[in-house]
Amino acid sequence: MAKLFEPLTLGDVTLANRIVIAPMCQYSAEDGRMTDWHTQHLGQLAQSGAAILTIEATAVVPEGRISYADVGLWDDATEDAMAKVLESVRRWSHMPIAIQLAHAGRKASTAKPWDGGAQIAPDAPNGWQTVSASDLPFEAHENSPVALDSAGLARVRNAFAEAAHRSARLGIDAIQIHAAHGYLLHQFLSPLSNTRTDEYGGSLENRMRFPLEVFDAVRAAFPADKPVTVRLSGTDWVEGGWDIDQTIAFSKALEARGAAAIHVSSGGLHIDQKIPVGPNYQVPLARAVKQAVSIPVIAVGLITEPEQAEAIIATGDADMIGLARTVLYDPRWPWHAAAALGAKIAVAPQFLRSQPRAYKDLFVSA
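Bear in mind the structure is a predicted one, so any value in this text is a computation, not a measurement.

Student: Would you mind showing me how to read the overall build of the chain here?
Tutor: Helix and strand counts for the chain stand at ten helices and 14 strands. Over its C-alpha trace the chain gives a radius of gyration of 20 Å, about what one expects of a compact globule, namely 21 Å for 366 residues. Taking all 366 residues of the chain together, 58% fall into the buried category. Considering only contacts in the chain between residues 6 or more positions apart, those separated by 24 or more positions represent 67%. As displayed, the chain has an accessible area near 14,800 Å², and 51% of this comes from carbon and sulfur atoms. The positive charge centre, built from 31 side chains, and the negative charge centre, built from 40, are 6 Å apart in the chain.

Printed below as a string of structure tokens:
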């Protein structure tokens, strides 16, 4: 059997293969509430044959949204909207569903990407005051964030826990905490964005403190048998910033606290980043973390070909691969990968008759 199509268990969640659909922001929510767009978007991906589907970055407070059109999970209205979408998706798919809980920090209050994605001023329509570890803006011309004080830290930490409670009520199978891509928890981790002089800044131990407190709060709020994972940036790609050695130290601390898996991405924190983008460009970061921890590791980033994904798993560089833009472009990528690698894949019975003549043993009924 192809290694990419071997099952894997995280907590009480059994994954049929090693293909993870990573969270992808759709910028199509209304006041944090999911819409019909999310029903068709997630419904389509839930028929892809992947092992698990991750709901896009979901803000735990309104000011934690990247843009005013981001999904949230902070009150009954946002929970009810998500419940309606999930009810529709689950009616036709048994695929496990995870959620990425997030806070954008200083990278919040922006326009939609197709409208330019620029930061919106606090006093402008659809804008608000951002917060961060320190009062350093992402770009020099932007409005400076407010450094979170002790009360603000408590509010954010409690909001993550409350969103985890709501996720449990919604029957979510797993939670991923977003500590990558320059968003709030990453802003605490990196010395480029965290210049605090209290117990949350300075040393690596101090910079990890708040993200670890958030993890502990989420872990305590979510059912013990369900997995909580973390997405990290393995490096800032900037001299003097967050790097792979610090990522490994943080990953070990998360494993000790009960993290079920580490998803390794990179970048997003600083405008001076120099990323050597190309196929597998982030896989070495995942490999370094995998060699240091015993929990599963997910690799991501320009993984587009079945043989490429198979090699990542078969050589032990990672335990799973994450797809985002690749699966947006080709929502049946897991079907095509199974065909290319000689594996079988479960599909809805409505699709069984589409099995190609060249792959007579490709499909099994889901």
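Student: Would you take a moment to explain the packing of helix H1 (residues 36–45) against helix H2 (residues 76–92) for this structure?
Tutor: Geometry of a packed helix pair, given as the angle between the helix axes and the separation of the axes. The geometry of H1 relative to H2 is characterised by a closest axis approach of 9 Å and an angle of 35° between their N-to-C directions. The handedness of the crossing between H1 and H2 is right-handed. Of the residues in H2, those touching H1 at His38, Thr39, Leu42 and Gly43 are Val85, Ser88 and Val89. A breakdown of the residues in the contact of H1 with H2 according to their chemical character gives three nonpolar, four polar and no charged.

Student: Whenever I open this one, the pairing of strand E9 (residues 228–233) confuses me. Can you help?
Tutor: Where a strand is regular, its side chains alternate between the two sheet faces. When you tally the buried positions in E9, you get six out of six residues, the bulk of the element. Two strands pair when backbone bridges link them, and E9 and strand E10 (residues 262–265) are joined in this way by four bridges, in the parallel orientation. Counterpart to Leu232 in the pairing with E10 is Val264. Following the chain from E9 across helix H6 (residues 244–256) to the adjacent parallel E10, one finds a crossover that is right-handed.

Student: Where do I start with the environment of Glu142 in this structure?
Tutor: Relative to the assigned elements, Glu142 resides in the loop between strand E6 (131–132) and strand E7 (146–147). Classification of Glu142 by relative accessible area gives buried; the value is 15%.

Student: Hey, could you run me through the side chain of Thr326 in this one?
Tutor: Inspection of the secondary structure assignment puts Thr326 in helix H9 (residues 325–329). Residue class for Thr326 comes out buried when judged on its relative accessible area of 14%. Beyond its immediate chain neighbours, meaning those up to four positions away, Thr326 contacts Ile303, Thr304 and Trp333.

Student: So what exactly am I meant to see when it comes to the packing of aromatic side chains here?
Tutor: The description of an aromatic ring pair uses the distance of the two centres, along with the angle that the planes make with each other. Counted according to the given criterion, the structure contains six aromatic pairs. Ring centres 5.6 Å apart and planes at 65° place the aromatic pair Trp335 and Phe351 in the edge-to-face group. Residue Trp335 is found in helix H10 (residues 333–341), and its partner Phe351 is found in the loop between strand E13 (345–347) and strand E14 (363–365); the two are separated by 16 residues along the sequence. Trp335 sits in the buried class, given a relative accessible area of 9%. Between Trp335 and Phe363 the ring centres are 5.0 Å apart and the planes differ by 70°, which places this aromatic pair in the edge-to-face class. In this pair, Trp335 sits in helix H10 while Phe363 sits in strand E14, placing the two residues 28 residues apart along the sequence. Taking relative accessible area as the criterion, Phe363 reaches 10% and is therefore assigned buried. Aromatic rings pair up to connect Phe188, Tyr200 and Phe210 into one cluster. Looking at Lys107, its charged tip hangs above the ring of Tyr183, at a distance of 4.8 Å from the centre. For the cation-ring pair, Arg332 lies above Trp335, with the distance from its terminal atom to the ring centre recorded as 4.7 Å.

Student: Sorry if this is basic, but what is going on with the nonpolar core here?
Tutor: Generally speaking, nonpolar side chains in soluble globular proteins are found buried as a group. Residues Ile177 and Ile321 are the most contacted members of the largest nonpolar core, which totals 94 residues. Counting residues per element, this core draws most heavily on helix H5 (residues 204–221), which supplies eight residues. In this structure, Leu10, Leu15, Ala51 and Ile298 belong to the second largest nonpolar core, which totals eleven residues.

Student: What is the right way to look at the sheet that holds strand E11 (residues 297–300) in this model?
Tutor: Strands belonging to one sheet form pairs held by backbone hydrogen bonds; the direction of such a pair is parallel or antiparallel. Pairing is parallel around the closed barrel formed by eight strands, whose spatial order is E3-E4-E5-E8-E9-E10-E11-E12. Sheet twist, expressed as the average angle between the axes of neighbouring strands with direction ignored, equals 30°. As paired strands, strand E8 (residues 174–179) and E9 are joined by five bridges and run parallel to one another. In the sheet register, Ala179 faces E9, and the bridge partner there is Leu232. Contacting E9 and E10, H6 crosses the sheet at an angle of about 175° to E9.

Student: Help me understand the environment of Ala159, please; the structure alone is not making it clear to me.
Tutor: Take Ala159: it is sitting in helix H3 (residues 150–169). For Ala159 and Val264, which are 105 residues apart along the polypeptide, the C-alpha to C-alpha distance reads 24 Å. Sequence-distant contacts of Ala159, that is, excluding residues within four places in its chain, are made with Val60 and Val61.

Student: When you look at the pattern of salt bridges in this model, what are you seeing that I'm missing?
Tutor: Should the charged atoms of two oppositely charged side chains come close, the side chains can pair. The tally for this structure, following the rule as stated, stands at 13 salt bridges. Arg196 is the salt-bridge partner of Asp198, the closest N and O atoms lying 2.9 Å from each other. You can call Asp198 partly exposed: its relative accessible area is 29%. With a shortest N-O distance of 3.4 Å, Arg257 and Asp216 are connected by a salt bridge. Of this pair, Arg257 sits in the loop between H6 and E10 while Asp216 sits in helix H5; the two residues are 41 residues apart in sequence, bridging distant segments of the chain. According to the relative accessible area criterion, Arg257 is partly exposed, its value standing at 37%. Relative accessible area serves as the criterion here: at 34%, Asp216 is assigned to the partly exposed category. Through salt bridges with shared partners, a single network forms among Asp76, Glu79, Glu162, Arg166 and Arg169.

Reading guide: rules and limits
- Residues numbered from 1 in each chain as written.
- Predicted model: local features only at pLDDT ≥ 70, side-chain atom pairs only at ≥ 80, totals over all residues.
- Heavy atoms only, no water.
- Helix = DSSP H or I, 4+ residues; strand = E, 2+ residues; numbered from the N terminus.
- Rg over C-alpha atoms; globule rule 2.2 N^0.38 Å.
- Buried < 20%, exposed > 50% of the residue type's maximum accessible area, 1.4 Å probe, protein only.
- Contact = heavy atoms within 4.5 Å.
- Areas by Shrake-Rupley, 256 points an atom, 1.4 Å probe, with all protein chains shown as cover.
- Lys, Arg positive; Asp, Glu negative; His and termini not counted.
- Charge placed at Lys NZ, Arg CZ, Asp CG, Glu CD.
- Axes fitted to C-alpha atoms, helices over the stretch in contact; angles between N-to-C directions.
- Left-handed = near helix turned anticlockwise from the far one by under 90°.
- Nonpolar A, V, L, I, M, F, W, Y, C, P; charged D, E, K, R; others polar.
- Pairing = 2+ DSSP bridges.
- Right-handed = clockwise from strand over helix to strand, strands pointing away.
- Phe/Tyr/Trp six-rings, centres within 6.5 Å; stacked < 30°, edge-to-face > 60°.
- Lys NZ or Arg CZ within 6 Å of the ring centre and 35° of its normal.
- Core = buried A, V, L, I, M, F, W, Y, C linked by side-chain atoms within 4.5 Å.
- Salt bridge = Lys/Arg side-chain N within 4 Å of Asp/Glu carboxyl O.

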